[in-house]
Amino acid sequence: MKKNKVFCSILAVLIALSLVLTACGSSAAGPSEDLAPGEVSEVVESGSSSTRTKLSMWYHGAGNEVERNILLSIIDDYNNSQDKYVVEVQDFPQISYNASVVAAALAGNLPDIIDVDGPVMPNWAWAGYLSPLELSDGALDEFLPSTIGMWEGEVYSVGLWEAACAIYARKSVLDQYNIRIPTLEQPWDLEEFDAALETLQASGEFDYALDLGMAWTGEWYPYGFSPFLQSFGGDIVDRSTYTTAEGAMNGPEAIAFGEWWQSLFVRGLVPGTTQDSADRDTGFIEGRYAMMWNGNWAGASALEPYGDDLLILPAPDFGNGSRIGAGSWQFGVSADSQNKEGANEFIEFMMQDKYLVAFSNGINNIPSTPSAAAASELYASGAPFEIFFEYSAAQSTLRPPTPAYLTAALVFEKALADIANGADVVDALDAAADEITADIVANGGYGFDGSVVGPSIQEDEIATGK
Amino acid sequence: MAQITKVETRNQMRSSKWPIERNTEAITAWLMASPAMILMILFLIIPFFLAFYFSFTNQRLISPNPTEFLGLQNYKQLLTLKILRLDPIKNESGEPVLDEDGNFTYIRERDITRNPDYPQYAGLQRWNSWDVGKTRFTLLASDVVFMKSLINTLYFAIVIVPGQAGLGLILALLINRRVKGVNVFRTIYFIPVVVSIVVVSILFRFIYDGDNGLLNSALVFITGGAFKPIDWLANTTTAMPAIMLMSAWQAVGIHMIIWLAGLQNIPFTLYEAADIDGANAFQKFLYVTWPGLHNTAVFILVTITIAALGLFTQIHVMTRGGPLDSTSTVIFQAVRKGFDMQNIAYGSTISVVFFILVLSVAIIQRYLTREKSS
């Protein structure tokens, strides 16, 4: 046991070092602003006396001034509202946040309150970093289901906001080419969507009919594209047992998805994997791409040039329901925390509608409750992005909530990139299914024993038309 | 004789000192060396042995499951290669079944590797296959991506080592003159070295862009529109050469400087002597310059080889191993498996294999370039 601890601490030191290296290496690749973690830590002073207990908190949003100010004002409010606890927050750049938490967990240095990306939460809960939340009864009643992080039947995290994806298009363009404008009730199906893409491409007016965002490597692939696979009826893992990807990742539905996915690139309807991020950001706005598949965060910049002409359209229904990804950043309590009561109290304090509205107005995300959405600038009734709240409520499909997701997401990303680049579809999907399954087996099932724990993607409520 | 007396006097001096003083000297020496030694032990020696240890276990980065000792299983998973011999599918009358193009058809490899009747092929994947007559020979590997990465890494090294070293030497010869303004050229050639490889990689992603990249635009302009734009990084045949070109451009400056230092160490009198003997420029290079550069050449060869085998940053930033694994490298796989996928044990196994690879290449080079005693 002791020996193992020594290994772990050495490992932690190494990870910390590699973290510094990867942070240096990749920060230039992403849009992130690199701040050393220690640099931005700040002790919130609020006439605190030494008798108050300190609650430490880590947050992934270093570099975003607006986001940080909202968070600090909430912490201020909380610290002034009672005299038992003082919350202190430390910011990290998002690109190295997860690795920082892993390193801290290995070294036994986790803070009391951590924020966690929705799909990663089951991995951390399984690994024992998180303890279940203890909120008062009914606290979560109004929250969108996708903002509540569940693992093994218990709530581990809760999100103050949600994100949603949609197809951005222009009314004038669709009207010009006689393309029906889809609705939430009647989205495009595969044939209609495909025909629209062909028409737009054939017009010669655009470089590409649709921009999928292939430039955004990493989590965007599973977040943005696995809902397509799920809408076809496939999935990243078989979520009836969570112990295999066989049949889900490489079944007939997945192969149909893969063939269609490859055809998008073969037919030249979408930019390929070498798209650069500048084109991703400006292609639709400058009119070089006819449509764009993107999240609500891109709404403001698309609204500016197009105004009323801008359409925010629902994801196509490829046969198994119209689906979009779900689960954004959420807050949880670390398992090592000595002050779980205080940490839970603070999280519940943050869950007030006024703070949900503040975050939504500040960073453009969708508030987690209907009442907060109604009070927000962008998602209220009649506001430009109201429709996103409806999409989120109606189409959200969680990325498989299993600790296996961490590895599966990387395998999925590679499979989609390979298929886009011309790999044999069946071989690529078979290889991906094998790799995901092998990882689950190597980890003793990640806490699942092979018994059926829930509906598969084809049996869940979106497909059956809840 | 003179040397012996020197040693004797030193010995006399030593013995005349107080033993305590010698002790403090030793302590001081250890103290001075300790910061470097502690860091080296912590970040080089211990991780080195840890990697060996982890490669025999199933150690995960994070996991509530206890670590188990696996023996050689990781190495088996990484390195297994098998050849599968397949005969064409035949119908009931013994005639081979042909597909619509008139080719023989074969059973899918995965139907064998996933069939419990063939445990010897379990878990293997198809890497490549060749048809010899009617028989199809398929090469199966347990980790196809790693095998491809290994080949890619060697391919990169085989091109980059002579290419970059040669280019560096040519540049060094060109700027090794006492001409006005030569420092300007030295600076220009050296500038890419001081730019971070991450920055260079991002810039070259834009330059190689298939739709509106600088390289395509330039080639189209030069050829008057005859050149058809290529998406350099999306093409399995051009992606690796594109990365080689960029890497060589970025790193050649440092080797040019080292070559230059070697060139300037060659005594000028040798060239004068060669002139008197009537040697032409080529003969002077072959018999004066090249032998004089022997130690520099060995140094450059070893450093470029090690750097080339460790190819990672360009891949990580530009292609992430794609398209279709054509730019994936050994170190890229080690990071992907070990850190991204949290399988430290497997990442360690790749690192150990990488260590053995580098070590053997270095030993072979050392042997081939040894000073031959006459």
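Not measured: the values here are computed from a predicted model.

Remarks on the overall build of chain B
Okay, step 1: Looking only at helices and strands, one finds 15 helices and three strands in chain B.
Okay, step 2: For chain B, whose C-alpha radius of gyration is 29 Å, the value lies well above the compact-globule estimate of 21 Å for 374 residues.
Okay, step 3: For chain B, buried positions account for 30% of its 374 residues.
Okay, step 4: Long-range contacts, defined as pairs at least 24 residues apart, comprise 60% of the intrachain contacts of chain B with a sequence gap of at least 6.

Topic: the overall build of chain A
Okay, step 1: Scanning chain A from N- to C-terminus turns up 17 helices and 15 strands.
Okay, step 2: With 466 residues in all, chain A has 52% of them scored as buried.
Okay, step 3: Within chain A, contacts between residues separated by at least 24 positions form 77% of all contacts whose residues are at least 6 apart in sequence.

With respect to the interface of chain A and chain B
Okay, step 1: Every contact between the two is made by 33 residues of chain A and, on the other side, 35 residues of chain B.
Okay, step 2: Taken together, the elements giving at least two residues each to the side of chain A that touches chain B come down to α1 (2-27), α4 (94-107), α5 (121-127), α16 (405-420) and α17 (425-442) of chain A.
Okay, step 3: The element that contributes the greatest number of residues to the side of chain A that touches chain B is α1(A), accounting for seven residues.
Okay, step 4: Grouping the constituent residues of the side of chain A that touches chain B by class yields 16 nonpolar, 13 polar and four charged.

What about the domain arrangement of chain B?
Okay, step 1: Under the domain assignment, chain B is made up of domain 1 (81-141) and domain 2 (145-368).
Okay, step 2: Averaged C-alpha coordinates put domain 1 of chain B and domain 2 of chain B at centres separated by 40 Å.

A word on unusual backbone geometry
All names here are of chain B.
Okay, step 1: Positive phi is not limited to glycine here, since Arg-320 has a value of about 50°.
Okay, step 2: Relative to the elements of secondary structure, Arg-320 occurs in the loop between α13 (313-318) and α14 (330-340).
Okay, step 3: We note that Gln-342 has phi near 65°; this positive angle belongs to a residue other than glycine.
Okay, step 4: According to the C-beta neighbour criterion, Gln-342 is buried, with 23 such atoms within 10 Å.

Quick look at the sheet that holds strand β11 (residues 310-313) of chain A
All names here are of chain A.
Okay, step 1: The strand order across the open sheet formed by four strands is β9-β10-β8-β11, and the pairing between neighbours is mixed. Sheet topology places β9 (208-211) and β11 at the edges, where each strand pairs with a single neighbour. Within the sheet, the average angular offset between the axes of one strand and its neighbour, ignoring direction, is 20°.

Some words on the sheet that holds strand β3 (residues 135-141) of chain B
All names here are of chain B.
Okay, step 1: Pairing is antiparallel across the open sheet formed by three strands, whose spatial order is β1-β3-β2. Lying at the two open borders of the sheet, with one neighbouring strand each, are β1 (81-86) and β2 (125-132). Across the sheet, the axes of successive neighbouring strands diverge by a mean angle of 25°, strand direction being ignored.

Observations concerning the domain arrangement of chain A
All names here are of chain A.
Okay, step 1: Here the domain parsing of chain A yields domain 1 (2-163 + 327-377) and domain 2 (165-326 + 402-447).
Okay, step 2: Each partner contributes to the interface: domain 1 provides 12 residues, whereas domain 2 provides 12 residues.
Okay, step 3: Examining the composition of the side of domain 1 that touches domain 2, we find that three residues originate from one element, α5, more than from any other.

Details of the packing of helix α12 (residues 294-309) of chain B against helix α15 (residues 344-368) of chain B
All names here are of chain B.
Okay, step 1: For the pair α12 and α15, interaxial distance at closest approach is 11 Å and the crossing angle is 160°. With respect to α15, the axis of α12 lies roughly antiparallel. For the pair α12 and α15, the sense of crossing is right-handed. Two secondary-structure elements touch here, α12 through Leu-301, Val-302, Thr-305, Ile-306 and Leu-309 and α15 through Leu-357, Val-358, Val-361, Ala-362 and Gln-365.

Comments concerning the nonpolar core
Okay, step 1: Judged by nonpolar contacts, the single largest core of 190 residues is most densely connected at A:Ala166, A:Leu210, A:Ala408, A:Ala432 and A:Ile436.
Okay, step 2: Setting aside its immediate chain neighbours within four residues, A:Ile436 contacts A:Val237, A:Ala245, A:Met249, A:Ala404, A:Thr407, A:Ala408 and A:Val411.

Side note on the confidence of the model for chain A
Okay, step 1: On average, residues of chain A score 85 in pLDDT, and 88% of them are at 70 or above.
Okay, step 2: Counting contacts from residues 19-48 of chain A, a segment whose pLDDT is below 50, to residues more than four positions away or on other chains yields 52 contacts.

Concerning helix α9 (residues 239-264) of chain B
Okay, step 1: Its 26 residues give α9(B) an end-to-end C-alpha distance of 38 Å, which sits within 8% of 38 Å, the value for a rise of 1.5 Å per residue.
Okay, step 2: At B:Ala251, α9(B) shows its largest bend, some 40°.

Observations regarding the packing of helix α3 (residues 65-81) of chain A against helix α13 (residues 353-363) of chain A
All names here are of chain A.
Okay, step 1: Close contact between α3 and α13 brings their axes to 9 Å; oriented N to C, the two are set at 165°. In terms of orientation, α3 lies roughly antiparallel with respect to α13. Our pair here, α3 against α13, has a crossing hand that is right-handed. Residues Val-66, Glu-67, Ile-70 and Ile-74 of α3 form the contact with α13, whose participating residues are Tyr-355, Ala-358, Phe-359, Gly-362 and Ile-363.
Okay, step 2: Looking at the contact of α3 with α13 residue by residue, the classes come out as seven nonpolar, one polar and one charged.

Topic: the environment of A:Arg68
Residue and element names in this part refer to chain A.
Okay, step 1: By secondary structure assignment, the location of Arg-68 is in helix α3.
Okay, step 2: Spatially, the C-alpha atom of Arg-68 lies 10.0 Å from that of Phe-359, the residues being 291 residues apart in sequence.
Okay, step 3: Apart from the residues lying within four places of it in its own chain, the contact partners of Arg-68 are Gly-61 and Asp-91.

Regarding the confidence of the model for chain B
Close inspection of predicted coordinates is inappropriate for parts of the model with low pLDDT.
All names here are of chain B.
Okay, step 1: The predicted model of chain B averages 86 in pLDDT, with 94% of residues at 70 or higher.
Okay, step 2: Ranking the elements of chain B by mean pLDDT puts helix α1 (residues 2-16) last with 50 and helix α5 (residues 144-175) first with 93.
Okay, step 3: Within the model, pLDDT remains below 50 along residues 1-5, and this stretch shows zero contacts once partners closer than five positions in the same chain are excluded.

Looking at the environment of A:Val66
All names here are of chain A.
Okay, step 1: For Val-66, the location among the structural elements is in helix α3.
Okay, step 2: Look at Val-66 and you get partly exposed, because 14 C-beta atoms sit within 10 Å.
Okay, step 3: When the C-alpha atoms of Val-66 and Asn-361 are compared, they prove to be 10.0 Å apart, with 295 residues separating the residues in sequence.
Okay, step 4: Aside from chain neighbours lying at most four places away, what touches Val-66 is Gly-362 and Ile-363.

Comments concerning the pairing of strand β5 (residues 148-151) of chain A
All names here are of chain A.
Okay, step 1: Across the two faces of β5 the burial differs, with Gly-149 and Trp-151 buried and Ile-148 and Met-150 not buried at all.
Okay, step 2: As judged from the four bridges shared by β5 and strand β6 (residues 154-158), these two strands associate in the antiparallel manner. By the bridge assignment for β6, Trp-151 is matched with Glu-154.
Okay, step 3: Turn length for the β5-β6 hairpin, with the two strands adjacent in sequence and antiparallel, is two residues, and the turn residue Glu-152 shows positive phi of about 50°.

The rules we used
- Residues numbered from 1 in each chain as written.
- Chains lettered and ligands numbered in written order.
- Predicted model: local features only at pLDDT ≥ 70, side-chain atom pairs only at ≥ 80, totals over all residues.
- Helix = DSSP H or I, 4+ residues; strand = E, 2+ residues; numbered from the N terminus.
- Rg over C-alpha atoms; globule rule 2.2 N^0.38 Å.
- Buried ≥ 20, exposed ≤ 12 C-beta atoms within 10 Å, placed from the backbone.
- Contact = placed C-beta atoms within 7 Å.
- Nonpolar A, V, L, I, M, F, W, Y, C, P; charged D, E, K, R; others polar.
- Domains from an automatic or database assignment.
- Pairing = 2+ DSSP bridges.
- Axes fitted to C-alpha atoms, helices over the stretch in contact; angles between N-to-C directions.
- Parallel < 35°, antiparallel > 145°, perpendicular 65-115°, else oblique.
- Left-handed = near helix turned anticlockwise from the far one by under 90°.
- Core = buried A, V, L, I, M, F, W, Y, C linked by C-beta atoms within 7 Å.
- pLDDT = per-residue confidence, 0-100.
- Expected span 1.5 Å × (residues − 1).
- Bend = angle between axes of the 7 residues up to and from the residue.

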